[in-house]
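Below are the chains, spelled out letter by letter.
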Amino acid sequence: IEHTAARAFSRHGYREIRTPILEYTEVFKRSVGDSSDIVNKEMYEFLDKGNRSVTMRPENTAGVVRAMVEHKLLGSSDPQLFWYIGPMFRYERMQAGRYRQFWQIGAESLGVASPESDAESLLMLHDFLRELGLKQLVFSINSVGTPESRPAFHAAFRAFFQEREARFCGDC
């Protein structure tokens, strides 16, 4: 799988990046926010011997961005395209099909903000999955809309779930 990913992603101009499994907790709190489920419930966070808060990475985007900033790669006018693979860690209640350590593969395109970049990501994913031998692929595309349409969508979304609130558990 890893070799297939390397071939598929490199054809689209992506370079591999490997980030540390252990990062300062602030890397994740800054990127996904203090109130996110990942930060509140799902991180393996502890103090190291220097009394610094460290976290086993629950996702890789934050580490990629930290590496880009640290190595001054964001100053270029060229897009920065990276892919990664590796273990991630989530502290979750054990359920069928959920593991505390899991492997994730992903790609990040920084310095690019266009629908074409999103389309290329989907094409790259399609190429990767086809090379792995998957044949019956279906992609469903969704949108959060425009800044003007989002408030109406958000109101309808909340109304939909408020009507069904009694059906959900406390964590839902």
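All figures in this text were calculated on a predicted structure; none of them were measured in a lab.

Novice: Would you mind going over the overall build of the protein with me for this structure?
Specialist: Counting its secondary structure elements, the protein contains six helices and six strands. For the protein, the succession of helices and strands along the chain, N to C, is α-β-β-α-α-β-β-α-β-β-α-α. For the protein, long-range pairs separated by at least 24 residues make up 64% of all intrachain contacts whose partners lie at least 6 apart in sequence. Summing over all exposed atoms, the protein offers an accessible surface of approximately 12000 Å²; the carbon and sulfur share of this is 55%.

Novice: Explanation requested: the sheet that holds strand β2 (residues 22–24) in the structure shown.
Specialist: Reading across from one edge, β2-β4-β3 is the order of the three strands in this open sheet, with antiparallel pairing throughout. Both outer strands of the open sheet, β2 and β3 (44–47), are each paired with one neighbouring strand and no more. On average, each strand axis in the sheet is inclined to that of its neighbour by 35 degrees, with strand direction left out of account. Relative to strand β4 (residues 53–56), β3 runs antiparallel, the two being bridged by four bridges. Residue E45 lies in a different strand from β4, and its bridge partner there is T55.

Novice: Looking at this model, I keep getting lost on the pairing of strand β5 (residues 80–89). Mind explaining?
Specialist: Remember that side chains alternate between the two faces of the sheet whenever the strand is regular. Summarising burial for β5: ten of the ten residues are buried, a large majority. Taken together, the two bridges between strand β1 (residues 15–16) and β5 define a ladder with parallel strand orientation. When the bridges of β5 are listed, R15 appears paired with F82. Pairing geometry for β5 and strand β6 (residues 101–110), over ten bridges, is antiparallel. Paired with W83 across the strands is A107, a residue of β6.

Novice: Is there a simple way to think about helix α4 (residues 61–70) in this case?
Specialist: Since the α-helix packs 3.6 residues into each turn, any two residues three or four apart lie on the same face. All of the buried residues along α4 are A62, G63, V64, R66, A67 and M68. Within two residues after α4, K72 carries a phi angle of roughly 55 degrees, on the positive side.

Novice: Is there a simple way to explain the nonpolar core in this structure?
Specialist: It is characteristic of soluble globular proteins that their nonpolar side chains tend to be buried jointly. Of all hydrophobic cores here, the largest spans ten residues; its members are A5, A8, F9, Y14, L81, W83, I85, M124, F128 and L129. Contributions of two or more residues to this core are made by α1 (2–11), β5 and α5 (115–131). When near neighbours in sequence (up to four residues on either side) are disregarded, L81 contacts H12, G13, Y14, R15, E108, S109 and V112. Core analysis: the second largest hydrophobic core is formed by seven residues, I17, V64, A67 and M88 among them.

Novice: I keep staring at unusual backbone geometry and nothing clicks. Help me out?
Specialist: Glycine aside, a negative phi is what most residues show, and trans is what most peptide bonds show. Despite not being glycine, N51 has its phi angle at roughly 65 degrees, a positive value. Note that N51 resides in the loop between β3 and β4. If you check the backbone angles, K72 has positive phi at about 55 degrees while not being a glycine. When you line up the elements, K72 lands in the loop between α4 and β5. Exposure remark for K72: the relative accessible area of 71% places this residue in the exposed category.

Novice: Where do I start with the sheet that holds β6 in this structure?
Specialist: Within the open sheet, the three strands sit side by side as β1-β5-β6. Their pairing is mixed. Every interior strand has two partners, whereas the edge strands, β1 and β6, have only one. Contacting β5 and β6, α4 crosses the sheet at an angle of about 45 degrees to β6.

Novice: How do you make sense of the pattern of salt bridges when you look at a structure like this?
Specialist: Applying the stated criterion across every chain yields a total of eight salt bridges. A salt bridge links E2 to R18; the nearest nitrogen and oxygen atoms lie 2.5 Å apart. Note that E2 is positioned in helix α1 and R18 in the loop between β1 and β2, a separation of 16 residues in sequence. Here R164 makes a salt bridge to E163, at a shortest N to O gap of 3.4 Å. A relative accessible area of 64% places E163 in the exposed class. Sharing partners across several salt bridges, the network here consists of E2, E16 and R18.

Definitions and limits used
- Residues numbered from 1 in each chain as written.
- Predicted model: local features only at pLDDT ≥ 70, side-chain atom pairs only at ≥ 80, totals over all residues.
- Heavy atoms only, no water.
- Helix = DSSP H or I, 4+ residues; strand = E, 2+ residues; numbered from the N terminus.
- Contact = heavy atoms within 4.5 Å.
- Areas by Shrake-Rupley, 256 points an atom, 1.4 Å probe, with all protein chains shown as cover.
- Pairing = 2+ DSSP bridges.
- Axes fitted to C-alpha atoms, helices over the stretch in contact; angles between N-to-C directions.
- Buried < 20%, exposed > 50% of the residue type's maximum accessible area, 1.4 Å probe, protein only.
- Core = buried A, V, L, I, M, F, W, Y, C linked by side-chain atoms within 4.5 Å.
- Salt bridge = Lys/Arg side-chain N within 4 Å of Asp/Glu carboxyl O.

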